[in-house]
Amino acid sequence: MMEKKLTILVLLKERPFYTKRFIDFFIKKKLKYNIFFADGGRKSIHKEDLDKLKKNKINFFYKKFPHDKNFKTYMNKISVSLNKIRTKYVMLFENDDFLIKSNINYCIKFLKKKPKLIGCGGYLINFSLYNTGQSKENKNLFGIPINISKIKHGISYDLMGNINRAKFFLETKNPITSFNDILR
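Throughout what follows, the structure given in this document is the object of discussion.

Cut-offs and rules
Residues numbered from 1 in each chain as written. Predicted model: local features only at pLDDT ≥ 70, side-chain atom pairs only at ≥ 80, totals over all residues. Heavy atoms only, no water. Helix = DSSP H or I, 4+ residues; strand = E, 2+ residues; numbered from the N terminus. Buried < 20%, exposed > 50% of the residue type's maximum accessible area, 1.4 Å probe, protein only. Contact = heavy atoms within 4.5 Å. Areas by Shrake-Rupley, 256 points an atom, 1.4 Å probe, with all protein chains shown as cover. Expected span 1.5 Å × (residues − 1). Pairing = 2+ DSSP bridges. Axes fitted to C-alpha atoms, helices over the stretch in contact; angles between N-to-C directions. Phe/Tyr/Trp six-rings, centres within 6.5 Å; stacked < 30°, edge-to-face > 60°. Lys NZ or Arg CZ within 6 Å of the ring centre and 35° of its normal.

**Focus on the overall build of the protein chain**
Secondary structure assignment for the protein chain yields 6 helices and 8 strands. Secondary structure elements in the protein chain, listed N-terminal to C-terminal, are β-α-β-α-β-α-β-α-β-β-β-α-α-β. Burial statistics for the protein chain: of 184 residues in total, 33% are counted as buried. Put simply, 68% of the contacts in the protein chain that link residues at least 6 apart link residues at least 24 apart. Roughly 12,300 Å² of accessible area belongs to the protein chain as shown, and the carbon and sulfur atoms make up 57% of that amount.

Structure, rendered in structure tokens:
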């Protein structure tokens, strides 16, 4: 079963509305991946949300970390969490995104076929909501889809070679993250 080979590392810092939405979506879509909540917020996750995961027999782990007051504490949270995860694959994830099972499983299959690669990702579509300035009675919002991979880099790293790939990552002025990528 592919789902048991992946842990989704959800990096939390406040925003309980998004955490609840993430959990509800996860349950509604009947996803079975492991979840590790690494919480660097001032307040802990709501107990009701954890109870909902238990009730639905979702395999999860929750760890409260010191508040993410700076980059060092944030990176420590990620490092400690990754050292606790025992599945073959991990996906760093923010609670305001949505998981797409078919894409996740595609990446896992791809990594199985390419043992020299350590990660696999694809396109990320970002829908930013903007208020169109209507009256308080008419609160319609509209979204603009943005293909993040085209903006940030939009290239295939396996074509660059090891040295050029490392050089590109170190010299780039655009921040490149591995959020939503499946990593070995």
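There is more to say, and it comes next.
**Points about helix α1 (residues 16–28)**
Taking 1.5 Å per residue as the helical rise, α1 with its 13 residues ought to reach 18 Å, and the 18 Å between its terminal C-alpha atoms agrees with that figure. Every buried residue of α1 is listed here: Thr19, Phe22, Ile23, Phe25, Phe26 and Ile27. Its buried side turned inward, α1 meets β1 (6–12), β2 (34–39), α2 (47–55) and β4 (89–94). After α1 finishes, the residue lysine 30 shows a positive phi value of roughly 55 degrees.

**Here's the deal with unusual backbone geometry**
Look at glutamate 14: it is not a glycine, yet its phi comes out positive at around 65 degrees. Residue position: glutamate 14 is located in the loop between β1 and α1. Of note in this structure, lysine 30 is not a glycine but carries a positive phi near 55 degrees. Here lysine 30 is to be found in the loop between α1 and β2. Classification of lysine 30 as exposed rests on a relative accessible area of 62%.

**Points about the sheet that holds β1**
With mixed pairing, 6 strands are arranged side by side in an open sheet as β3-β2-β1-β4-β8-β5. Since the sheet does not close on itself, it has two edges, and those belong to β3 (60–64) and β5 (119–120), each with one partner. The pairing of β1 with β4 spans 6 bridges and is parallel. Note that in β4 the partner of leucine 9 across the bridge is leucine 92. The strands touched by α2 are β2 and β3; relative to β3, the strand with the most contacts, the crossing angle is about 160 degrees.

**Thoughts on the environment of asparagine 76**
Structurally, asparagine 76 can be placed in helix α3 (residues 71–84). Residue classification places asparagine 76 among the partly exposed residues on the basis of a relative accessible area of 43%. Expressed as a C-alpha distance, the spacing of asparagine 76 and proline 66, which sit 10 residues apart in the sequence, is 9.7 Å.

**Details of the packing of aromatic side chains**
Scanning the entire structure with this criterion turns up 6 aromatic pairs. Here phenylalanine 17 and tyrosine 18 contribute two aromatic rings whose centre-to-centre distance is 5.4 Å and whose plane-to-plane angle is 70 degrees, an arrangement assigned as edge-to-face. In this structure tyrosine 18 comes out as partly exposed when scored by relative accessible area, which is 29%. When the ring of phenylalanine 22 is compared with that of phenylalanine 93, the centres are 5.8 Å apart and the planes differ by 50 degrees; the resulting orientation is tilted. Taken together, the residues span a long stretch of sequence, with phenylalanine 22 in helix α1 and phenylalanine 93 in strand β4 at a distance of 71 residues. With respect to class, phenylalanine 22 is no different from phenylalanine 93; both count as buried. Through successive ring pairs, a cluster of aromatic residues spans Phe22, Phe26, Phe37 and Phe93. Directly above the ring of phenylalanine 65 sits lysine 63, whose terminal nitrogen or CZ lies 5.1 Å from the centroid.

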